[in-house]
Amino acid sequence: MAIEYCVIDPLKRTINIPASQKTLGAQSDKDSERRYFQCPKIVGDNIDLTKAKIYINAQNASGSVSGKDRYEVTDIKEEGDNVTFSWLISRKIVAYKGKAKFSVCVMVNSEDKEWNTTIAEGEVLEGLELTTPEEREERGQDFLAVLTADADAEEESIEAGKSGYVKGKKVKGKLSNENDFAVTLNNPELATTIINIPGFGQSNLPVIKHTGVIKLKDTSKPVLIKGENTKEFSCTEVASRYGDAEPEDVKAGKTFTSSSGIKKEGTRVENGKVAQGTVKGQGIDDITINTGLSSVSVFVLYAKVTTTNRTGLQTLYYDQNGIQALGIKYSSYLSTPSTEHGEVDVNNGTVTYKPKNGTETTNLISDKEYRWIAIG
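Residues numbered from 1 in each chain as written. Predicted model: local features only at pLDDT ≥ 70, side-chain atom pairs only at ≥ 80, totals over all residues. Heavy atoms only, no water.

Before we go on, may I ask you to explain unusual backbone geometry in this structure?
Most peptide bonds take the trans configuration, and most residues that are not glycine carry a negative phi. Backbone geometry places arginine 13, a non-glycine residue, at a positive phi of 65°. Relative to the assigned elements, arginine 13 resides in the loop between strand 1 (5-9) and strand 2 (14-16). Look at arginine 13 and you get partly exposed, because its relative accessible area is 33%. If you check the backbone angles, aspartate 367 has positive phi at about 65° while not being a glycine. Of note, aspartate 367 is situated in the loop between strand 29 (350-354) and strand 30 (369-375). (Helix = DSSP H or I, 4+ residues; strand = E, 2+ residues; numbered from the N terminus. Buried < 20%, exposed > 50% of the residue type's maximum accessible area, 1.4 Å probe, protein only.)

As structure tokens, then:
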């Protein structure tokens, strides 16, 4: 049998129903009738039905709010400039004899755009059911009362926007889900962690240990949370790296620990001049420092006070072999180290540091004081 379509006119917003399709069913049918629709693919303000959600909004002949239902279309098909789809009619829509109403609703990206037809009507014939919808509803309420007799939730203990049944009655939640967390940091402390060095064995790596407490800022506005509403945390970050220096790279008479983890003594004789000073961080902007030297071979920049709750550069080292840096990415209560860095331009005795575009951990923290050391 050929399919007869209910044709949608997108300009008039009407649904033209063939005479043979006007009867939607008899009372208490269940998923036994389907109506097919045809509509231009593009409607309204260039809304493409193949990229949208389509629903059939329907109201049974009772006219009550509880008699409304929504059906989500799942079988849309593209046929040239048109689309086709269908509606499987539920028992709820044919629960009462008389005129049932329905319309087509189109939604794009949930609620960015919405397009609707006007209301169309279909006939529901009288049927014979052992119980009426009112009787079924009453029996259902009795069943709910028994099923939820021992429930004791109140409005204030159910999240806002959610609902549940308590002692047979529907309860809508009022519990707010808006609150902030407060983080209290303890003073950082030095600690060590054991690492394995190939060809050497175990060694202690110095780290900075951070501890603190996370709790609800406003305890008069509780939210649903698992466990206690106060949490303690602990994390560590590397305090230093052993590096790759050799004795000839370190000033004579000074000792150091390099990549092997073994203490060594430097042999390098330095005749260069040293300059130092301070500079204020300017966020994403470049900073330029006139060191007063005729040339710069080594440049060091570091924050006077280590900051763990602001994102930005902490230390930077520059020489002829390249740049090494350590920055901190702060998010909520967690500080994450980063070795990303910007560029260092040296022009005679003038040093310019340029943060890396789009990388916050390379920025000099605004208004934070940094020390610099330049070696000629």
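We are not done yet, so read on.
Sorry, what's going on with the pairing of strand 11 (residues 98-108) here?
Along a regular strand, successive side chains alternate from one face of the sheet to the other. Taking burial as the measure, the 11 residues of strand 11 include 8 buried ones, the bulk of the element. Bridge analysis of strand 7 (residues 53-59) against strand 11 gives 7 bridges, and the strand direction is antiparallel. When the bridges of strand 11 are listed, glutamine 59 appears paired with lysine 101. Pairing analysis gives 4 bridges linking strand 11 to strand 12 (residues 113-116), with the strands arranged antiparallel. Bridge pairing in strand 12 links cysteine 105 to asparagine 116. The turn joining strand 11 and strand 12, which pair antiparallel and follow one another in sequence, is formed by 4 residues; a positive phi near 50° is taken by asparagine 109. (Pairing = 2+ DSSP bridges.)

When you look at the pattern of salt bridges in this model, what are you seeing that I'm missing?
Note that side chains of opposite charge can pair when their charged atoms are close. As enumerated under the stated definition, the model contains 11 salt bridges in all. Arginine 35 is the partner of glutamate 33 in a salt bridge, and the nearest nitrogen-oxygen pair spans 3.1 Å. When the shortest N-O distance is used, the salt bridge between glutamate 78 and lysine 41 registers 3.0 Å. Of this pair, glutamate 78 sits in strand 9 (residues 77-79) while lysine 41 sits in the loop between strand 4 (34-40) and strand 5 (42-43), and the two are 37 residues apart along the sequence. In this structure glutamate 78 comes out as partly exposed when scored by relative accessible area, which is 48%. What you see here is one network of salt bridges that share partners, running through Lys41, Asp48 and Glu78. (Salt bridge = Lys/Arg side-chain N within 4 Å of Asp/Glu carboxyl O.)

Help me understand a nonpolar patch on the surface in this model?
Side chains of Val183, Leu185, Tyr333 and Leu334 sit close together on the surface and give an oily, nonpolar patch of about 320 Å² of accessible area. Along the chain, leucine 185 turns up in strand 16 (residues 181-185). (Patch = residues over 30% accessible without salt bridge, like charges linked within 9 Å, V, L, I, M, F, W, Y side chains within 5 Å. Areas by Shrake-Rupley, 256 points an atom, 1.4 Å probe, with all protein chains shown as cover.)

Whenever I open this one, the sheet that holds strand 24 (residues 298-303) confuses me. Can you help?
Adjacent strands of a sheet pair through backbone hydrogen bonds, lying either parallel or antiparallel. The 6 strands are arranged 22-30-24-25-26-27 in an open sheet whose pairing can be described as antiparallel. Two strands bound the open sheet, and with one partner strand each, they are strand 22 (274-280) and strand 27 (334-338). Averaged over neighbouring strand pairs, the angle between their axes works out to 15° when direction is ignored. Summarising the sheet, strand 24 and strand 30 pair through 6 bridges and their orientation is antiparallel. Pairing of valine 300 across the sheet is with isoleucine 373, part of strand 30. (Axes fitted to C-alpha atoms, helices over the stretch in contact; angles between N-to-C directions.)

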